[in-house]
Amino acid sequence: MLAVGAVDPGLPGAAAAPSPVQARQPGPGHLFRPISADDEEQQPTEIESLCMNCYRNGMTRLLLTEIPFFREIIVSSFSCEQCGWNNTEIQSAGRIQDQGVRYTLTVRAQEDMNREVVKTDSATTRIPELDFEIPAFSQKGALTTVEGLISRAVSGLEQDQPTRRANEEAMAERIDEFIVKLKELKQVASPFTLIIDDPSGNSFVENPHAPRKDDALVITHYNRTLQQEEMLGLQAEEPEEKPEEEDLRNEVLQFNTNCPECNAPAQTNMKLVQIPHFKEVIIMATNCENCGHRTNEVKSGGAVEPLGTRITFYITDPSDMTRDLLKSETCSMEIPELEFELGMAVLGGKFTTLEGILKDIRELVTKNPFTLGDSSSPGQTEKLQEFSQKLDQILEGNMKAHFVMDDPAGNSYLQNVYAPEDDPEMKVEHYKRTFDQNEELGLNDMKTEGYETGLASQR
């Protein structure tokens, strides 16, 4: 069932000329400032606007802010002193991500209803148990909770009920029955599934158990389809045909790009590197002279391996921190002693050391705005401090732990200092991928045998 009319009825209308109240702007020089309760200069812009409920003037407040380690957003809030109506929206001001994201949350308890959610305009919301769907671009973006999403859907269905009862009584009765089912979800009498699918990759669902793995939340990153690219207003670039293959092993290629932080012109260096006892990889590094931001990314230079690879390494000595490590985009990582698991696509592809990847993990989980910001609870802060202390002990060699890399594509690598002999502290397992893993890698629909015969018959 589609959520017909799920748009809030009174979104802020066309803004009138700025009133004298307006003009408290964000600090000079920075349009988007990091969100902070201590920043007294960060004040919203106020604009007098038309209320779509009573058609008198109300007030719209706009705040251009940046959530640390997430992205830039625009928060707008409208309130009408005449009729008391109000509305809040959120819009992503950052770029569209390289991949879409799908959050699958199993709501089992009342605490799950309080999870914070960032839902953009392009996200589709589904509840399979009720065959309920809110299509993309039928609602404005919102910074809310799981309970808030359901309440918003109920309000959208109820807004046209008086008209339906007058013209289509049978349909109105069916919608009334469905609204009752939606309201019953708030009591969490039985578990249900909430799916937020966002091709732009800019939606977010909170993990209240961070830095530990959330068993109730599954995050999947995927490549957009052509239809989704068109829906977002993107145009796929056609690959350029090269007349002949060039040997790039001894060359560093440079091409112009924009800095992902300040968007200033920068240069990206790319080189093809042969890793001993492994395979060829492509290393790309960007250095911005304007803001000093540096980033590096690693892509596999070969094909997807026939079998997946699982590397289990037992860290016993501080010298283990210097081992070279290659993490592909399809590799997930796990530290069982810390009850920590990091899914694929997080941190991207990296060519670094074991110490470098552990420091990246520490920075990722300890600087999460939803665990350190105003919305964090004392219990979350204590867990985060305990996790950080144990990770520091591993980095200093005072705590032994297992480090697990699981790559279904078989394109990840951890240096064996005893090569070509076996490493007594390292276990490398090759396994056959499941159907779901092949589906995520896009291999189930890939035809690699007999395709030439099929092309010849079409001619």
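From a predicted model like this one, the values you see are computed outputs, not experimental measurements.

The rules behind the values
- Residues numbered from 1 in each chain as written.
- Predicted model: local features only at pLDDT ≥ 70, side-chain atom pairs only at ≥ 80, totals over all residues.
- Heavy atoms only, no water.
- Pairing = 2+ DSSP bridges.
- Helix = DSSP H or I, 4+ residues; strand = E, 2+ residues; numbered from the N terminus.
- Core = buried A, V, L, I, M, F, W, Y, C linked by side-chain atoms within 4.5 Å.
- Buried < 20%, exposed > 50% of the residue type's maximum accessible area, 1.4 Å probe, protein only.
- 1 Å grid on protein atoms, 1.4 Å probe; cavity = no way out; pocket = protein on both sides within 12 Å on 5 of 7 lines; lining within 4 Å.
- Points joined across faces, edges and corners; volume = space filled by probe spheres on them.
- Disulfide = S-S within 2.5 Å.
- Salt bridge = Lys/Arg side-chain N within 4 Å of Asp/Glu carboxyl O.
- Axes fitted to C-alpha atoms, helices over the stretch in contact; angles between N-to-C directions.
- Parallel < 35°, antiparallel > 145°, perpendicular 65-115°, else oblique.
- Left-handed = near helix turned anticlockwise from the far one by under 90°.
- Contact = heavy atoms within 4.5 Å.
- Nonpolar A, V, L, I, M, F, W, Y, C, P; charged D, E, K, R; others polar.
- Expected span 1.5 Å × (residues − 1).

Caption draft 1: Highlighting the sheet that holds strand β24 (residues 413–414). Taken in spatial order, the 3 strands line up as β22-β19-β24 in an open sheet, and their pairing is antiparallel. Looking at which strands have only one partner, the edges of the open sheet turn out to be β22 (350–353) and β24. Bridge analysis of strand β19 (residues 324–327) against β22 gives 4 bridges, and the strand direction is antiparallel. Across the sheet, the residue bridging to Asp-324 is Thr-353, located in β22.

Caption draft 2: Spotlight on the nonpolar core. Ranked by internal contacts, the top residues of the largest apolar core, which has 34 residues, are Ile-127, Phe-132 and Leu-182. Contributing elements (two or more residues each) for this core: β6 (100–107), β7 (116–119), β9 (132–134), α1 (146–158), α3 (169–185), β11 (192–198) and β12 (204–205). Examining the composition of this core, we find that 6 residues originate from one element, α1, more than from any other. Leu-338, Ile-361, Ile-394 and Phe-403 belong to the second-largest nonpolar core, a separate cluster that totals 26 residues.

Caption draft 3: How the structure looks around empty space enclosed by the protein. Summed over all chains, the structure comprises 2 cavities of 30 Å³ or more. Approximately 50 Å³ is the volume found for the largest cavity. Every residue along the wall of the largest cavity is listed here: Thr-125, Ile-127, Phe-132, Ile-134, Leu-149, Ile-150, Ala-153, Leu-182 and Leu-194. Contributing elements (two or more residues each) for the lining of the largest cavity: β8 (124–127), β9 and α1. No other element matches α1, which puts 3 residues into the lining of the largest cavity.

Caption draft 4: Representation of the state of the cysteines. Going through the model one piece at a time under the given rule, you end up with 0 disulfides. Its sulfur unpaired, Cys-83 is 3.7 Å from the next cysteine sulfur, which belongs to Cys-54. With a relative accessible area of 32%, Cys-83 lands in the partly exposed category.

Caption draft 5: Focus on the pattern of salt bridges. One pass over the full model with this rule turns up 17 salt bridges. Here Glu-158 and Lys-183 are joined by a salt bridge, their closest N and O atoms 3.2 Å apart. Placement of the pair is Glu-158 in helix α1 and Lys-183 in helix α3, with a sequence separation of 25 residues. Taking relative accessible area as the criterion, Lys-183 reaches 41% and is therefore assigned partly exposed. Measuring nitrogen to oxygen at the nearest pair gives 3.3 Å for the salt bridge that ties Lys-213 to Glu-341. Of this pair, Lys-213 sits in the loop between β12 and β13 (217–222) while Glu-341 sits in strand β21 (residues 340–342), and the two are 128 residues apart along the sequence. You can call Lys-213 partly exposed: its relative accessible area is 45%. In this structure Glu-341 comes out as partly exposed when scored by relative accessible area, which is 33%.

Caption draft 6: Layout of the packing of α1 against α3. Relative to each other, α1 and α3 sit at 165 degrees, their axes nearing to 10 Å. With respect to α3, the axis of α1 lies roughly antiparallel. In this structure, α1 crosses over α3, and the sense of that crossing is left-handed. Residues Ile-150, Val-154, Leu-157 and Glu-158 of α1 pack against Ile-175, Phe-178, Ile-179, Leu-182, Lys-183 and Leu-185 of α3. Residues that form the contact of α1 with α3 fall into these classes: 8 nonpolar, no polar and 2 charged.

Caption draft 7: Region of interest: the sheet that holds β12. Pairing within the open sheet is antiparallel, and its 3 strands lie in the order β10-β7-β12. Whereas interior strands pair on both sides, the edge strands pair on one side only; in this sheet they are β10 (142–145) and β12. Of the strand pairs in this sheet, β7 and β10 are connected by 4 bridges, and their pairing is antiparallel. Within the sheet, the bridge partner assigned to Lys-119 lies in β10 and is Ala-142. Sheet strands touched by α1: β7 and β10. Its angle to β10, the strand with the most contacts, is close to 110 degrees.

Caption draft 8: Highlighting the environment of Lys-327. Tracing the chain through its elements places Lys-327 in strand β19. Placed 80 residues apart in sequence, Lys-327 and Asp-407 show a C-alpha to C-alpha distance of 8.5 Å.

Caption draft 9: Structural detail: α1. In a regular helix each residue adds 1.5 Å, so 13 residues correspond to 18 Å; α1 covers 19 Å between its end C-alpha atoms and thus fits that length. Listing the buried residues of α1 in full gives Val-146, Leu-149, Ile-150, Arg-152, Ala-153, Val-154, Gly-156 and Leu-157.

Caption draft 10: Broad picture of helix α5 (residues 354–366). Between the first and last C-alpha of α5 there are 18 Å, a value that for 13 residues agrees with the 18 Å anticipated at 1.5 Å per step. Along α5, the residues classified as buried are Leu-354, Gly-356, Ile-357, Leu-358, Ile-361, Val-365 and Thr-366.

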